[in-house]
Amino acid sequence: MRILGIGNAIVDVICKVDDSFIKENNLTKSTMKLFFDEKEFKSLLANLKIEKTVSGGSVANSMVGLSQLGNKVGFVGKVSDDEFGNKYEIGLEQENVEYFYFKKKEELPTGTCLILVTPDSERTMCTFLGIAGKINENDVSSDAIKNSELIFLEGYLWDEGEPRKAFDKAINNSNKVAMSLSDLFCVDRHKPHFLNLVKNKLDITFANEQEITSLIEAKNFDEVINFSKQVKKLVIITRGEKGAVAINNNEVFESNVKKNLKIVDLTGAGDLFAAGFLHGYINKFSTKQCLEKGTEMSSKVIQQIGARLKI
């Protein structure tokens, strides 16, 4: 197998809302909020019209993108044997992503992410992790990891206790490790741990400018570049309208955004960027070509609703 993704198995529920809904519910636009109370989460969802339901989760979205580009990929993520869990498994199978997890009836339900899309196409996420956040080392197959050229992890999954053990097992058995920092919320919550991962454990790090700036408490982007050169790994940073940058040892590569796009929903932009870049990486593209493939994939997905490309 080319790449094995390990992440939160989350069913995405996409709804369109006005900015007033974000304010009224004390949400911070364009970020992700974790809900720990199932009742509170359900009451938020109760007043909304659902546009679309899809098997999601950041790394799972990337794996689907890689599969669509013709790569043999797999995914590990924890679901319960319930309606959403069944939908999740079927959704991955339909996308030719091998699912390395045997679901069973759990105390907690399958995880759900409510994706609120405002008129400016920004997305604000409300996540109830359910059983997804309870992944442990027994859920992660050492053989599947060893048989993959590269594993791709997400910052969303990292947490103290059992998830951390699953992470460590994955990293210790892998041939190469890539990880996305996922969200500013995750970075600020786990800063020392993430910094250690980036410096000492990961071969490839994906981040947006906000995340990496917070991680190293940089005053400007030059400090981000200098830090990335010092770690002597591959660091890829997306910068919104400023395009994307890859730092490979001391070399810096840039890619501009595509112009005149009809943007309808930014959901999945980072996930599909990572898919495009990793497709290039495992197929021996140059770093510049990897950036361009990532930009191409993210440009496509933001012109449609949801984090999966229609092909």
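Residues numbered from 1 in each chain as written. Predicted model: local features only at pLDDT ≥ 70, side-chain atom pairs only at ≥ 80, totals over all residues. Heavy atoms only, no water.

With that out of the way, let us pick up the sheet that holds strand β7 (residues 111-117). Taking strand neighbours across the sheet as the criterion, the five strands line up as β3-β8-β7-β2-β4 in an open arrangement whose pairing is mixed. Of all the strands in the sheet, the pair left with one neighbour each is β3 (32-34) and β4 (50-56). If you compare each strand with its neighbour and ignore which way they point, the axes differ by 20° on average. Its contacts with the sheet place helix α4 (residues 83-94) against β2 (10-16), β4 and β7, and it is angled at close to 70° to β4. (Pairing = 2+ DSSP bridges. Helix = DSSP H or I, 4+ residues; strand = E, 2+ residues; numbered from the N terminus. Axes fitted to C-alpha atoms, helices over the stretch in contact; angles between N-to-C directions. Contact = heavy atoms within 4.5 Å.)

When you tally the buried positions in strand β9 (residues 150-154), you get five out of five residues, the bulk of the element. Across four bridges, strand β1 (residues 3-6) lies against β9 in parallel orientation. Paired with L4 across the bridge in β9 is I151. Both β9 and strand β10 (residues 177-180) contribute to a ladder of four bridges, which runs parallel. From the neighbouring strand, F152 faces β10, where its bridge partner is A178. (Buried < 20%, exposed > 50% of the residue type's maximum accessible area, 1.4 Å probe, protein only.)

Let us look at the pattern of salt bridges. The full count for this structure, using the stated rule, is 18 salt bridges. Across the pair E149 and R2 runs a salt bridge whose closest N-O atoms are separated by 2.5 Å. Placement of E149 in the loop between α5 (142-146) and β9 and of R2 in the segment before β1 is noted, with a sequence separation of 147 residues between them. Two residues, R239 and E209, come together in a salt bridge whose shortest N-O distance is 2.9 Å. Of this pair, R239 sits in the loop between β12 (234-238) and β13 (244-248) while E209 is found in helix α9 (residues 209-216), placing the two residues 30 residues apart along the sequence. Residues joined in a network through salt bridges with shared partners are D19, K29 and D120. (Salt bridge = Lys/Arg side-chain N within 4 Å of Asp/Glu carboxyl O.)

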